Amino acid sequence: MTTELEKQQNGDLYDAHDPIFKQYKDEANHFLMAYNQTPYDQADKRRQLLEQSLGSIGENVTVGTPFLCDFARNIHLGSKISINMNCSFMDSGEIRIDGETMVAPNVQIYTGTHPVPLSERLNAQWAEHPKQHFVRTQSLPVHIKHGCWIGGGVIILPGVTIGEGTVIGAGSVVTKDIPDHVVAVGNPCHVLRKINE
């Protein structure tokens, strides 16, 4: 029988209130309470907390506070990455940020989504199993490739890949994949121009 964790990892609909996800959220909550209360001048302790909780982390990475995430364990950061303050990474699915990337303040990255039709979104088994979530959830990974700059207040939706060297303008809502080496802006985010190196 397929577990809820296996369903989640396969990109299938799953019950987000399964005990394994409650455990992950509890662990992430303890990490966030400690990390967000650790001053910037305690860089070694901040680094240790990130290493213990994130899925993977490279060298020369800074994550500003306050910081929010869902599980922490599904966040993978390359080397030379700057994540500014007040970012929210909802990592029920994998969030992968490759090296030499800047993420401005107030960026939101989402991997969790739900079916659009109400009849598909609602959990038909909820009455028999009220400990389950009343809606069904799906997790789709987000990948930000090498050398990107994600502007302030950008929202990145589930399943999106942002190409290498690309700049996403402030306030954009990224609803679909963006190619390499472009400036992309707007809601929905669209390519404005190519970047000529």
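The model shown is predicted, which means the values in this text are computed figures rather than measured ones.

Q: So, the UniProt feature "domain: Maltose/galactoside acetyltransferase" (unreviewed entry) in the chain: which residues are in play, and what are the values?
A: As recorded in UniProt, the sites labelled "domain: Maltose/galactoside acetyltransferase" (unreviewed entry) are residues 5-59. Helix makes up 62% of residues 5-59 and strand 4%, whereas the separation of the span's terminal C-alpha atoms amounts to 30 Å.

Q: Explain the side chain of Gln 8 residue by residue, including any values.
A: You can see Gln 8 is positioned in helix H1 (residues 4-9). Once residues within four sequence positions are removed from consideration, Gln 8 is found in contact with Tyr 14, Phe 21, Asn 74, Ser 92, Gly 93 and Ser 139.

Q: Before we move on, can you summarise helix H3 (residues 43-53) with the specific residues and values?
A: Turning to H3, its buried residues number three or more, namely Arg 46, Arg 47, Leu 49, Leu 50 and Ser 53. Seen end-on, H3 carries its buried residues on one side only, within an arc spanning 160°. Of the residues in H3, the exposed ones pointing more than 90 degrees away from the buried face are Asp 44 and Gln 52. Looking at the buried residues of H3, the elements they touch are helix H2 (19-36), strand S1 (56-57) and strand S2 (61-63).

Q: If you had to explain the pattern of salt bridges to someone new, which residues and values would you point to?
A: All told, the structure shown has seven salt bridges when counted by the stated rule. A salt bridge links Lys 25 to Asp 70, with the nearest nitrogen and oxygen atoms 2.5 Å apart. One end of the pair, Lys 25, is in helix H2; the other, Asp 70, is in the loop between strand S3 (67-69) and strand S4 (75-77), and 45 residues separate them in sequence. The buried category is assigned to Asp 70, whose relative accessible area is 16%.

Q: Explain a nonpolar patch on the surface to me, using residue names and the numbers behind them.
A: Among the surface-exposed residues, Leu 118, Leu 122, Trp 126 and Phe 134 lie close enough to one another that they form a single nonpolar patch of about 400 Å² accessible area. Position of Leu 118 among the secondary structure elements: in helix H4 (residues 118-121).

Rules and cut-offs
Residues numbered from 1 in each chain as written. Predicted model: local features only at pLDDT ≥ 70, side-chain atom pairs only at ≥ 80, totals over all residues. Heavy atoms only, no water. UniProt positions renumbered as here; feature names shortened; annotations may be inferred. Helix = DSSP H or I, 4+ residues; strand = E, 2+ residues; numbered from the N terminus. Contact = heavy atoms within 4.5 Å. Buried < 20%, exposed > 50% of the residue type's maximum accessible area, 1.4 Å probe, protein only. Arc of directions from axis to C-beta. Salt bridge = Lys/Arg side-chain N within 4 Å of Asp/Glu carboxyl O. Patch = residues over 30% accessible without salt bridge, like charges linked within 9 Å, V, L, I, M, F, W, Y side chains within 5 Å. Areas by Shrake-Rupley, 256 points an atom, 1.4 Å probe, with all protein chains shown as cover.

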